[in-house]
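Descriptive analysis of the structure
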Amino acid sequence: MPKVLFEPEGEATIEVDALEDMTLMEAALMGGVPHILASCGGICSCATCHVVIADEWADLIGKANEEESEMLDTVASRRPHSRLGCQVKLANAHDGVRVIVPGES
Ligand code: FES
């Protein structure tokens, strides 16, 4: 059961006990994480699930593919380790992952 530490900028960390094969977006919605709207329901077409993977987890989580990267280009707060939460599937190896949630996504 991978625990995810969501860190909304300027707000308290929210710990979510996610399930393997959930996406980061689903875990965020389950935990009531602010700023994650997931308007498109997880089909990589809205970018309202934008998150930033903490540096120490970025390699394990991996990079966005081309389609996801194009969608991320529409996000003003994009950073080097930005991902769309709906495109990151969680595994037990991700237990303890830290995810920053920009105030505006
Ligand atoms: Fe729309 Fe992730 S929920 S791109």
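Residues numbered from 1 in each chain as written. Predicted model: local features only at pLDDT ≥ 70, side-chain atom pairs only at ≥ 80, totals over all residues. Heavy atoms only, no water.

It is worth spelling out the side chain of Ser82 at this point. Residue position: Ser82 is located in strand β4 (residues 82-84). A residue is classified by how much of its surface remains accessible, and Ser82, at 4% relative accessible area, is buried. A polar side-chain atom of Ser82 sits 2.7 Å from a polar atom in the side chain of His50. Within polar-contact distance, the side chain of Ser82 engages the backbone nitrogen of Arg79 at 2.7 Å. With residues up to four places along the chain from it excluded, the contact list for Ser82 reads His50, Val51, Val52, Leu72 and Ser77. (Helix = DSSP H or I, 4+ residues; strand = E, 2+ residues; numbered from the N terminus. Buried < 20%, exposed > 50% of the residue type's maximum accessible area, 1.4 Å probe, protein only. Polar contact = N/O pair within 3.5 Å; in protein donor to acceptor, adjacent residues only side chain to side chain. Contact = heavy atoms within 4.5 Å.)

A word on the sheet that holds β4. Spatial strand order, β2-β1-β5-β3-β4: five strands in an open sheet with mixed pairing. Every interior strand has two partners, whereas the edge strands, β2 (14-17) and β4, have only one. Strand after strand, the sheet turns through a mean of 35° between neighbouring axes, direction not considered. Alignment of strand β1 (residues 3-8) against β2, held across four bridges, turns out to be antiparallel. Of the residues in β2, the one forming a bridge with Lys3 is Asp17. (Pairing = 2+ DSSP bridges. Axes fitted to C-alpha atoms, helices over the stretch in contact; angles between N-to-C directions.)

Okay, the pattern of salt bridges next. Across all of its chains, the model carries seven salt bridges by this definition. Glu68 is paired through a salt bridge with Arg83; the nearest N and O atoms lie 2.7 Å apart. In this pair, Glu68 sits in helix α3 (residues 66-72) while Arg83 sits in strand β4, placing the two residues 15 residues apart along the sequence. When sorted by exposure, Glu68 lands in the same class as Arg83, which is buried. With a shortest N-O distance of 2.6 Å, Arg78 and Asp73 are connected by a salt bridge. Note on Arg78: relative accessible area 32%, which makes it partly exposed. (Salt bridge = Lys/Arg side-chain N within 4 Å of Asp/Glu carboxyl O.)

In short, geometric facts, not functional conclusions.
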